[in-house]
There are 2 protein chains.
Amino acid sequence: MGRLKGKAVLAQSGGPTAVINASAYGVISTAMKHPDTFEGLYGALNGILGVLREELYDLGKEDPAELELLKCSPSSALGSCRHKLKGLDTDRADYERILEVFKAHNIRYFFYIGGNDSMDTAAKLGELARRIDYEMIIVGVPKTIDNDLAYTDHCPGYGSVAKFNATSVMEAGRDTEAMYTHDTTTVHEVMGRNAGWIAAATGLARRTPEDAPHLILLPEVPFETEKFVADVRQSLKDYKRCFVACGEGIKTPEGKYIAEAGGAFAADSFGHTQLGGAGDAVRAIIESQIGVKCRTNRAGTAQRNAMHFASKTDAHEAEMVGAAAVEAALTGVSGKMITLERTGTGSGYRCTTGLVELQKAANGEKPVPPEFINRQRNGVTDAFRDYAFPLIAGEAPVQIGSDGLPVYARLAKHMIPKKTGRQYDV
Amino acid sequence: MGRLKGKAVLAQSGGPTAVINASAYGVISTAMKHPDTFEGLYGALNGILGVLREELYDLGKEDPAELELLKCSPSSALGSCRHKLKGLDTDRADYERILEVFKAHNIRYFFYIGGNDSMDTAAKLGELARRIDYEMIIVGVPKTIDNDLAYTDHCPGYGSVAKFNATSVMEAGRDTEAMYTHDTTTVHEVMGRNAGWIAAATGLARRTPEDAPHLILLPEVPFETEKFVADVRQSLKDYKRCFVACGEGIKTPEGKYIAEAGGAFAADSFGHTQLGGAGDAVRAIIESQIGVKCRTNRAGTAQRNAMHFASKTDAHEAEMVGAAAVEAALTGVSGKMITLERTGTGSGYRCTTGLVELQKAANGEKPVPPEFINRQRNGVTDAFRDYAFPLIAGEAPVQIGSDGLPVYARLAKHMIPKKTGRQYDV
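Residues numbered from 1 in each chain as written. Chains lettered and ligands numbered in written order. Predicted model: local features only at pLDDT ≥ 70, side-chain atom pairs only at ≥ 80, totals over all residues.

Our focus in this paragraph is the overall build of chain A. When helices and strands are counted, chain A shows 13 helices and 11 strands. Whereas a compact globule of 426 residues would reach a radius of gyration of roughly 22 Å, chain A reaches 22 Å, a difference of no more than 12%. For chain A, the spread of C-alpha atoms along the three principal axes comes to 70 × 45 × 40 Å. Relative to its full complement of 426 residues, chain A shows a buried share of 58%. (Helix = DSSP H or I, 4+ residues; strand = E, 2+ residues; numbered from the N terminus. Rg over C-alpha atoms; globule rule 2.2 N^0.38 Å. Buried ≥ 20, exposed ≤ 12 C-beta atoms within 10 Å, placed from the backbone.)

Here it is in structure tokens:
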């Protein structure tokens, strides 16, 4: 029996990262070496939405130089979305529509770069394809700045957001150090909905005790106002200032987010609460209970796209998982997500790829484990530093234009004529 | 009559920048070449507070390698403050105290790196010294990310905050581009109390119309809700998304800040209103009046210390103004601030230093001029781009440690024994 032949679709889903396009490049460059198997390579416009709407474009028609530039371009150049598909029973029409589109174009390979929601979609899609006996190969490529996917040592995207935030905290920490007679405290809010991996990474900036951050607030540790205020006071006593790194998803001991976002869109379509504002809430506590001035920083979406100071290791591994997905597919592997496996520690750090069932990857969540959180529960341990430092090593090369600013890829997206003959509203 | 001999004091004041330490290095390295004139070079701990409190330290005892590192270290390594001295009549005791400290240590040179408040202090100090016939030389070194000092083409610190924010907007703009089906609009708040120079700089990221930022809100342009909402709607129509760069100091047509900070510290000791939150206010307008989801980014103090992606031109010029201050002092110049003078345009850009009266520099404020603001008053002109691009050219070198993070200077600050015999409370 020969290798399955047909077209391949590549899609990106969920929040962008600095290196998700490097993963796309890994998929594209590897797939293009096998034109006998991949009779066409399509991008889906805005993730699974592009498949549902039959909005596909021909990656083979892109300028090769622009594709090459994907290696050092942040955000999701293929277009992303936050459209979550639920169970096969609830959203069966959606899954059937996807397979209708795949069949119409003879799409036999689906590479999906995303987090656990995407892996869930990919797993269910594979299940339905088997049930209706449509032969296809589905491989997941891990991506999330949150680093909370289980079954992989770490996630592409994390090393870069970690490097940028640690650097930013180091730099803003020097501001508080210089200005302590006036701006005595600073709260620096970072992303991380349920897991504190990004907040923890800011701890890498603390080479000596007086360095920022003096306190780290992790979602894994219930926020207790009284203890926090005592911790800030201690820092003011020790260093005359206090720099707090704060995960956006910190919660009260009762499990409520410290700051629910105001405005009309408190919940996104994944059913997650849209966060932002934890830093301002913590600032209000400091100003009212301690009576010192406090500033709040919140880089927001800039942090997860900070390619201009991304981790070289992360960019390399992101490309590696993309390539590994195609190589796995070529050997007939399906229904799996590529993982990263670490061997060696410190300067002996090495990383290879492995495989895990999509359904397992979809359901696993990996919070920061207790051994990475210090005894006072307001900082990180050396074990965490040993884990994280290799992931931020090196600076990914970036192309700088003659105007002094980075040059990032934008795809032409030559659209493929529709074949299903019907519109599908989502 | 020979050259005035004595000790010199160097102080930094106000908000830090990525390159204010490069100016300090320019002063220090140049002064150290003239030990016959400068019989000692002291740093003041936290700006003018350090002089008032007689908290001085010997810069001559610092590790030369650490001093060298100042060239690529952000924030104010000497320590800064926001202690504003008022008129000679109101705060005469403070000015007299400063001269008391200077006399006690035979300090005959004062180099003050700061913005217009600092130049005002320096000017008044010079006036009192003349009145009481204490011979000394006072030279100001310009510094402000806000770029609103008059009589200088631009200010050291501006080019770097401009480069970082333009890059960040470019990167976060790609996030909105990828996520427009969900996160349709983004408001990216940048610093700039009364002048929109920093907000304007984000316009450098817009190489093509679809690039971010689609709208720029400048403090120079009164914020009119109706027009703004129409502008956002137009951008949504044209690009399916809208990325807004928002100066923190935007005001209503009645002259009120869009967002007065909450909390207990709405005004700082300079009498300025402490800003922050303009972005959130604009976001609320978008969500309530247009009904699309909006995100807010606010890098806060991280933006003005982003040495990891600072402008090489800015770092070079910052060092140049520091050196020029000492060279001017050596020729007997006093009561002046160093300025930057531009010759040539585009790739022919060159920059030299000049001089202006401290008192003039203190009182001048330079908003973004009308010819730099587009006709729709929501963006910048090519004239602005021609002005600003040379200022962000090149990437300042940074030392990266084996841990993958920048290495920044921290001074040892060997304190000088006090000589005035009295404590002075400020």
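In this structure, A:Leu10, A:Phe111, A:Leu217, B:Leu10, B:Phe111 and B:Leu217 are the most contacted members of the largest nonpolar core, which totals 262 residues. In contact with A:Leu10, other than residues within four places in its own chain, are A:Ala24, A:Val27, A:Ile28, A:Leu41, A:Gly43, A:Leu59, A:Leu78 and A:Phe111. (Core = buried A, V, L, I, M, F, W, Y, C linked by C-beta atoms within 7 Å. Contact = placed C-beta atoms within 7 Å.)

Moving on, we come to the interface of chain A and chain B. The interface of chain A with chain B comprises 63 residues on the first partner and 63 residues on the second. Listing elements by their share of the side of chain A that touches chain B, those giving two or more residues are α6 (158-179), α9 (278-289), β9 (294-298) and α10 (301-304) of chain A. A total of 12 residues in the side of chain A that touches chain B trace back to one element, the largest contributor, which is α6(A). A per-class count over the side of chain A that touches chain B returns 26 nonpolar, 23 polar and 14 charged. (Nonpolar A, V, L, I, M, F, W, Y, C, P; charged D, E, K, R; others polar.)

Let us look at the packing of helix α1 (residues 20-31) of chain A against helix α11 (residues 312-330) of chain A. All names here are of chain A. Put simply, α1 and α11 touch, their axes get as near as 7 Å, and they point 40° apart. The interaxial crossing formed by α1 with α11 has right-handed handedness. Of the residues in α11, those in contact with Ile20, Ala22, Ser23, Ala24, Tyr25, Gly26, Val27, Thr30 and Ala31 of α1 are Ala315, Ala318, Glu319, Met320, Val321, Gly322, Ala323, Ala325, Val326 and Glu327. Of the residues in the contact of α1 with α11, the class split is 13 nonpolar, four polar and two charged. (Axes fitted to C-alpha atoms, helices over the stretch in contact; angles between N-to-C directions. Left-handed = near helix turned anticlockwise from the far one by under 90°.)

Residue and element names in this part refer to chain B. Interhelical geometry of helix α4 (residues 92-104) versus helix α5 (residues 116-131) gives an angle of 70° and a closest axis separation of 10 Å. By the criterion of interaxial angle, the relationship of α4 to α5 is roughly perpendicular. In the crossing of α4 with α5, the sense of the turn from one axis to the other is right-handed. Of the residues in α5, those in contact with Tyr95, Ile98 and Leu99 of α4 are Lys124, Leu125, Leu128 and Ala129. Residues of the contact of α4 with α5, tallied by class, amount to six nonpolar, no polar and one charged. (Parallel < 35°, antiparallel > 145°, perpendicular 65-115°, else oblique.)

All names here are of chain B. Taken together, seven strands build an open sheet; the order of strands is β3-β2-β1-β4-β5-β10-β11 and the sheet is mixed. Edge positions in the open sheet fall to β3 (56-58) and β11 (350-357), since each of these has one partner strand only. Averaged over all neighbouring strand pairs, the angle between strand axes comes to 30°, with direction disregarded. As defined by bridge partners, strand β5 (residues 137-142) adjoins strand β10 (residues 336-343) across two bridges and the pair is classed as parallel. (Pairing = 2+ DSSP bridges.)

Residue and element names in this part refer to chain A. With 12 residues, α1 ought to run about 16 Å at 1.5 Å a step, and its terminal C-alpha atoms sit 17 Å apart, in line with that. Of all 12 residues that make up α1, 11 are buried, and the element is covered over most of its length. Among all positions in α1, only Ile20, Asn21, Ala22, Ser23, Ala24, Tyr25, Gly26, Val27, Ile28, Thr30 and Ala31 are buried. Residues of α1 that are buried in the fold lie against β1 (6-12), β2 (38-44), α3 (64-69), β4 (107-114), β5 (137-142) and α11. (Expected span 1.5 Å × (residues − 1).)

The two copies are related by a screw motion: chain A maps onto chain B through a turn of 180° and a shift of 0.0 Å along the axis, at an RMSD of 0.0 Å. On this basis, the relationship between the two copies can be described by a two-fold rotation axis. A share of 100% of the interface residues of chain A reappears at the interface of chain B, consistent with the copies meeting face to face through the same patch. (Least-squares fit on C-alpha atoms with pLDDT ≥ 70 in both.)

Time to look at the environment of A:Ala318. Along the chain, A:Ala318 turns up in helix α11. Along the primary structure A:Ala318 and A:His214 are separated by 104 residues, whereas in three dimensions their C-alpha atoms are 31 Å apart.

Glancing now at helix α9 (residues 278-289) of chain B. Residues and elements named next belong to chain B. Taking 1.5 Å of rise per residue, 12 residues should cover 16 Å, and α9 covers 17 Å from first to last C-alpha, within 8% of that figure. All of the buried residues in α9 are Ala278, Gly279, Asp280, Val282, Arg283 and Ile286. On its buried side, α9 packs onto β6 (185-190), β7 (215-217), α8 (225-239), β8 (242-247) and β9 (294-298). Positioned one or two residues after α9, Gly291 has a phi angle of 80°, which is positive.

Strands belonging to one sheet form pairs held by backbone hydrogen bonds; the direction of such a pair is parallel or antiparallel. Residues and elements named next belong to chain A. With mixed pairing, the seven strands of this open sheet are ordered in space as β3-β2-β1-β4-β5-β10-β11. A strand with exactly one partner marks an edge of an open sheet, and here the two such strands are β3 (56-58) and β11 (350-357). Each strand of the sheet is rotated relative to its neighbour by a mean of 30°, with strand direction disregarded. On top of the sheet, α11 reaches β4, β5, β10 (336-343) and β11; it is set at about 165° to β5, its chief contact.

Residues and elements named next belong to chain A. Partitioning chain A into domains gives domain 1 (6-156 + 309-364) and domain 2 (161-306 + 377-392). Of note, the centres of domain 1 and domain 2, computed from C-alpha atoms alone, are 32 Å apart. With 23 residues of domain 1 in contact, the opposing surface of domain 2 contributes 21 residues. In the side of domain 1 that touches domain 2, the residues fall into seven nonpolar, 10 polar and six charged. (Domains from an automatic or database assignment.)

The subject of this paragraph is unusual backbone geometry. Cis rather than trans, the peptide bond between A:Ala212 and A:Pro213 has omega equal to -5°. Residue placement: A:Pro213 occurs in the loop between α7 (197-201) and β7 (215-217). A positive phi is found at A:Asn147, a non-glycine position, where the angle reads about 60°. Structurally, A:Asn147 can be placed in the loop between β5 and α6. For B:Ser75, which is not a glycine, the phi torsion comes out positive at approximately 70°.

It is worth spelling out the pairing of β9(A) at this point. Residue and element names in this part refer to chain A. Across the five residues that make up β9, a large majority, five, are buried. Covered by surrounding structure in β9 are Cys294, Thr296 and Arg298 together with Arg295 and Asn297, the residues of both alternating faces. Judged from the five bridges that link them, strand β6 (residues 185-190) and β9 form a sheet pairing that is parallel. Following the sheet pairing, His188 is matched in β9 by Asn297.

For the rest of this paragraph, the subject is the environment of B:Val368. All names here are of chain B. Among the secondary structure elements, Val368 is positioned in the loop between α12 (358-363) and α13 (382-388). Judged by the 24 C-beta atoms lying within 10 Å of it, Val368 falls in the buried class. A C-alpha to C-alpha distance of 9.8 Å links Val368 and Asn194, two positions 174 residues apart in sequence. Once residues lying within four places of it in the same chain are set aside, the contact partners of Val368 are Ala195, Gly196, Trp197, Ala200, Leu218, Glu220 and Ile373.

Averaged over all residues, the pLDDT of chain A is 94; the fraction at 70 or higher stands at 96%. Counting interchain partners and residues more than four positions distant, the pLDDT-below-50 stretch residues 261-276 of chain A has 40 contacts. (pLDDT = per-residue confidence, 0-100.)

With that out of the way, let us pick up the environment of B:Asp58. Residues and elements named next belong to chain B. As for its position among the elements, Asp58 is in strand β3. C-beta crowding within 10 Å serves as the criterion here: with 16 such atoms nearby, Asp58 is assigned to the partly exposed category. Placed 170 residues apart in sequence, Asp58 and Phe228 show a C-alpha to C-alpha distance of 54 Å. Among all residues touching Asp58, those that are not within four sequence positions of it are Gly40, Tyr42, His414 and Ile416.

What follows concerns the pairing of β8(B). All names here are of chain B. In terms of burial, β8 is largely enclosed, as six of its six residues are buried. Note that β6 and β8 share six bridges and pair parallel. Directly across from Val187, in β8, lies its bridge partner Val244. Note that β7 and β8 share three bridges and pair parallel.

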